[in-house]
Amino acid sequence: MPAVWAGIDSGKWTHHCVVLDQSGTLLLSKRVENDEAVLLDLIDTVVGMADGDKVCWATDLNSGRAALLIALLAAHSQQLLYIPGRIVHHAAATYRGDGKTDAKDARIIADQARMRTDLQPVRGADQISVDLRLLTARRTDVICDLVRAINRLRATLLEYFPARGRAFGYSKSKAALTLLSGYPTPDGLRRIGTSRLTAWLKKRRCRNSAAVAQKAVDAAGAQHTALATQAMGSALVTKLAAGITAIDHELADLDAQITERFTRHESAEVLLSLPGFGVVLAATFLANIGGNLDGFDTVDRLAAVAGLAPVPRDSGRISGNLHRPRRFNRRLLRTCYLAALSSLKNSPASRAFYDRKRSEGKSHKQALIALARRRINVIWAMLRDHTTYQEPCPAARSLVA
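Residues numbered from 1 in each chain as written. Predicted model: local features only at pLDDT ≥ 70, side-chain atom pairs only at ≥ 80, totals over all residues. Heavy atoms only, no water.

Trainee: It is not clear to me how unusual backbone geometry should be interpreted in this structure. Could you clarify?
Mentor: The phi torsion of most residues other than glycine is negative, and most of the peptide bonds are trans. The backbone of R205 sits at a positive phi, close to 60°, despite the residue not being glycine. Of note, R205 is situated in the loop between helix 8 (186–203) and helix 9 (209–221). Relative accessible area serves as the criterion here: at 74%, R205 is assigned to the exposed category. Its identity is not glycine, yet N208 carries a phi of approximately 50°, on the positive side. For N208, the position within the fold is in the loop between helix 8 and helix 9. Given the relative accessible area of 61%, N208 is considered exposed. (Helix = DSSP H or I, 4+ residues; strand = E, 2+ residues; numbered from the N terminus. Buried < 20%, exposed > 50% of the residue type's maximum accessible area, 1.4 Å probe, protein only.)

Listed below in structure tokens is the structure:
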């Protein structure tokens, strides 16, 4: 049993550390900078307080701004528990006083670690899954930037050339974006004409040049009025189109990096064999489980972390009252949900299970959640045994369905 418990309330630039003994007596309350030398000094101080006995550390973050602290504790073979911020928030109501300070939060973290036995240790991930976690998170940000940029582009086009915005989609059309870089206004499109515009697009290696040129010229022919917003709007649209092109290039580079790292992981072939998993979804799954199943004692634990295990809210004579959990890994849930949705296209077993759930009266979303939960069992067995997926034969599939 540990002799002292150290709670860390993690911040961007500073952390607050509170150390308690076995009786809950305060031994240390100190604010420290998020700096290697300062943190090493803190570790030496707390270890010295234990006088050779065991120290139990606890923090409310398991990555991000607590990354340096976690790495240093791991390098010094210190036990570190993770207490989600939501638990700290609810536990604060049971302590005296309504105020909230870093020192109080750190003391609550240390005290909860001292009293509770159900907290999970912070486990390190392999290097590939660490890289994938950063790359897939960045990819999500870039996708959001792309959507925002396209929405701004469409909104600006509506200010001076609505027919152009109605004629093209800008999420996957290189030709439409290329046109905006050279001919963003209706009068410019009318002057160049279809033939020369087709040649201009072909020179820039755009697909379906003739069809795109004809559609653009037709849109220009539908509007002969020059609006007051045209001069400034066309300049902004040209810049926005260049920005979208740059985002597309960054996204392609990220996808290449994700693919390169993912294919080097020992479980890459196993996950890709399961219908519904492409490189990006499989890489995101690996990143959010830490690269292996070491952090999950059972398949039910994995399902709970993914938000796929309903939690009971029974009271008195009411039982079987199941609800969606409140604490789970939302990226992991999204990954499992999208993989289950994609599997309906090429996995007869997934389609049969989904159709059965729909025939039982479940909604589309409920049926997909049930399918994702069933697939967690399959993924667990595949990763545990390191075997690839084999689609069940029709006879076995009928028994499952």
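Trainee: Quick question: what am I supposed to make of helix 15 (residues 348–359) here?
Mentor: Quick reminder: α-helices carry 3.6 residues per turn. Residues three or four places apart thus point the same way. In this model helix 15 runs 16 Å from its N-terminal to its C-terminal C-alpha over twelve residues, within 8% of the 16 Å that 1.5 Å per residue would give. Regarding helix 15, the residues found buried are A349, S350, F353, Y354 and K357. In an axial view of helix 15, the angular spread of the buried residues amounts to 130°, which keeps them on one side of the axis. Phi for G361, located one or two positions after helix 15, is positive at around 100°. (Expected span 1.5 Å × (residues − 1). Arc of directions from axis to C-beta.)

Trainee: Sorry, what's going on with the pairing of strand 3 (residues 26–33) here?
Mentor: Here strand 2 (residues 14–21) runs beside strand 3; their pairing, made up of seven bridges, is antiparallel. Each residue of the ladder has a partner; that of V19, found in strand 3, is L28. With antiparallel pairing between neighbouring strands as the criterion, strand 2 and strand 3 make up a hairpin whose turn holds four residues, including G24 at a positive phi of roughly 90°. (Pairing = 2+ DSSP bridges.)

Trainee: Teacher, can you tell me more about the nonpolar core here?
Mentor: It is characteristic of soluble globular proteins that their nonpolar side chains tend to be buried jointly. In this structure, L153, Y170, L179, L197, F277, F285 and I289 are the most contacted members of the largest nonpolar core, which totals 82 residues. Once residues lying within four places of it in the same chain are set aside, the contact partners of F277 are L271, L272, A282, F285, T335, A339, R375 and I379. In terms of nonpolar packing, the next biggest core, distinct from the first, is built from 20 residues, C17, V19, L72 and L73 among them. (Core = buried A, V, L, I, M, F, W, Y, C linked by side-chain atoms within 4.5 Å. Contact = heavy atoms within 4.5 Å.)

Trainee: Would you mind going over the UniProt feature "domain: Transposase IS116/IS110/IS902 C-terminal" (unreviewed entry) in the chain with me for this structure?
Mentor: UniProt annotation of "domain: Transposase IS116/IS110/IS902 C-terminal" (unreviewed entry) refers to residues 269–354 when read in the numbering used here. Between the end C-alpha atoms of residues 269–354 the distance is 25 Å, and the span holds 50% helix and 5% strand. (UniProt positions renumbered as here; feature names shortened; annotations may be inferred.)

Trainee: Help me out: how do you make sense of the UniProt feature "domain: Transposase IS110-like N-terminal" (unreviewed entry) in the chain in this one?
Mentor: Within this structure's numbering, the places UniProt gives as "domain: Transposase IS110-like N-terminal" (unreviewed entry) are residues 6–162. When the span residues 6–162 is considered, its composition is 51% helix and 20% strand, and the gap between its end C-alpha atoms is 61 Å.

Trainee: Help me understand the packing of aromatic side chains, please; the structure alone is not making it clear to me.
Mentor: Aromatic ring pairs: the centre-centre distance and the angle between the two ring planes describe each pair. Counted according to the given criterion, the structure contains three aromatic pairs. Relative to F161, the ring of Y160 lies with its centre 6.3 Å away and its plane at 50°, an arrangement referred to as tilted. On the basis of relative accessibility, which here comes to 0%, the residue F161 falls in the buried class. Of note, R330 hangs over the ring of F328, and the distance from its end group to the ring centre comes to 4.3 Å. (Phe/Tyr/Trp six-rings, centres within 6.5 Å; stacked < 30°, edge-to-face > 60°. Lys NZ or Arg CZ within 6 Å of the ring centre and 35° of its normal.)

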